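# Structural overview
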Amino acid sequence: MRKKIVAGNWKMNKTFSEAEELITEIADQLDGTKPENVEVILCPPYIYLELATDIAEDAPYSVGAQNINDHDMGAYTGEISAQMLIELNVAYAIIGHSERRKYYNESHEFLAGKVDSALRHGIRPIFCCGETLPEREAEKYKEIVKTQLYDSLFHLTPEQFGWVIIAYEPVWAIGTGVNATPAQAQEMHAYIRKLIADKYDPQIAGETTILYGGSCNSKNARELFAQADVDGGLIGGASLIADEFISIIKSF
Ligand code: 13P
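First things first, this report covers the structure right here in the doc. (Residues numbered from 1 in each chain as written. Predicted model: local features only at pLDDT ≥ 70, side-chain atom pairs only at ≥ 80, totals over all residues. Heavy atoms only, no water.)

Neither face of strand β6 (residues 165-168) is exposed, since Ile165 and Ala167 on one face and Ile166 and Tyr168 on the opposite face are all buried. Where β6 meets strand β7 (residues 210-212), 3 bridges bridge the pair, whose relative direction is parallel. Each residue of the ladder has a partner; that of alanine 167, found in β7, is leucine 211. (Buried < 20%, exposed > 50% of the residue type's maximum accessible area, 1.4 Å probe, protein only. Helix = DSSP H or I, 4+ residues; strand = E, 2+ residues; numbered from the N terminus. Pairing = 2+ DSSP bridges.)

In C-alpha cells form, the structure reads like this:
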C-alpha cells in the first residue's frame, strides 16, 4: 500500500520566532486529530530543522530539508549534506524543486547526484518534476517530465527506487493561484506511474507515492487528492498558515 503524504515546503519564509510559533501550532492542532493513514512532513529552512525535530519528538509529523548537496563533506561553502541532516533526524529531502532548477541552474546530472547522496544516508528524496507553461502549451509536458525522471532517478536500482517519493509540480501552477485541474493532475500522475511501471515493474509503480504541488489549498485539495493516482500534496504558500495546512491534511 502506498503512503498518503502531505508535505509543507516553507521555501525561504518565516523568522525563527515565527517558525517556532507555526510548528508549535501545527503540532498542537495535529495532536490526536491527524488522520492515521496520512504522513505529515514539514520542510522548513535549514536553520529551523533542529527546532522542528525537537518539537517533533512527540509530534505527529516528520521533518524534511528543502535541498541537499551531492557531496558528504568538504570545501563547498554554504552547502549542507545529507550526512549532516541524518543526525538531526531529518527523514526527507526535497530534490529538484523547479525554483532550484531555475534560479540555481541545477542540472539533471547534479540532481541525480543529490538523489544518490540522500539514499546513501537513508534520507528519502521527494523528487520534484514538472513542466513550464510554454512546455505545456507546446504539448511537450510528458516528454519534459519523462526526461526529468530518466536523467535523475531511473539510474536507481528497484530497491533504491522504493525509497523515492515523487512530486509532480507544474511550474505554471506554483505560487500562481492557478492549480492544475484534477483531470490534468490525474493525467500526469497516471503517466508518471506508467513510466515507473515500464522502467521497473507495475508493483513498484503501484507502491510509489506521487504528490501534487502547485497552488494546492484547503479549497481544492479534496478534489485533487480524490484522483486515483494523486497520493497527497507538496504544499507551498498554504503550508505557512496552520489552519490552512491542517485543513489540507484532513482533505483525504
Ligand atoms: P505553492 O503551493 O505556493 O504554489 O507552491 C508549491 C510548491 O512549490 C511546493 O513545493
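All residues in the neighbourhood of the ligand are listed as Asn9, Lys11, His97, Glu169, Ala173, Ile174, Gly175, Gly214, Ser215, Leu234, Gly236 and Gly237. Glycine 175 places a main-chain nitrogen or oxygen 2.6 Å from an oxygen atom of the ligand. Here serine 215 contributes a backbone N or O atom positioned 2.7 Å from an oxygen atom of the ligand. Taking 300 Å² as the accessible area of the ligand by itself, protein coverage stands at 94%. Considering only residue class, the shell around the ligand consists of 3 nonpolar, 7 polar and 2 charged. (Near = heavy atom within 4 Å. Polar contact = N/O pair within 3.5 Å; in protein donor to acceptor, adjacent residues only side chain to side chain. Areas by Shrake-Rupley, 256 points an atom, 1.4 Å probe, with all protein chains shown as cover. Nonpolar A, V, L, I, M, F, W, Y, C, P; charged D, E, K, R; others polar.)

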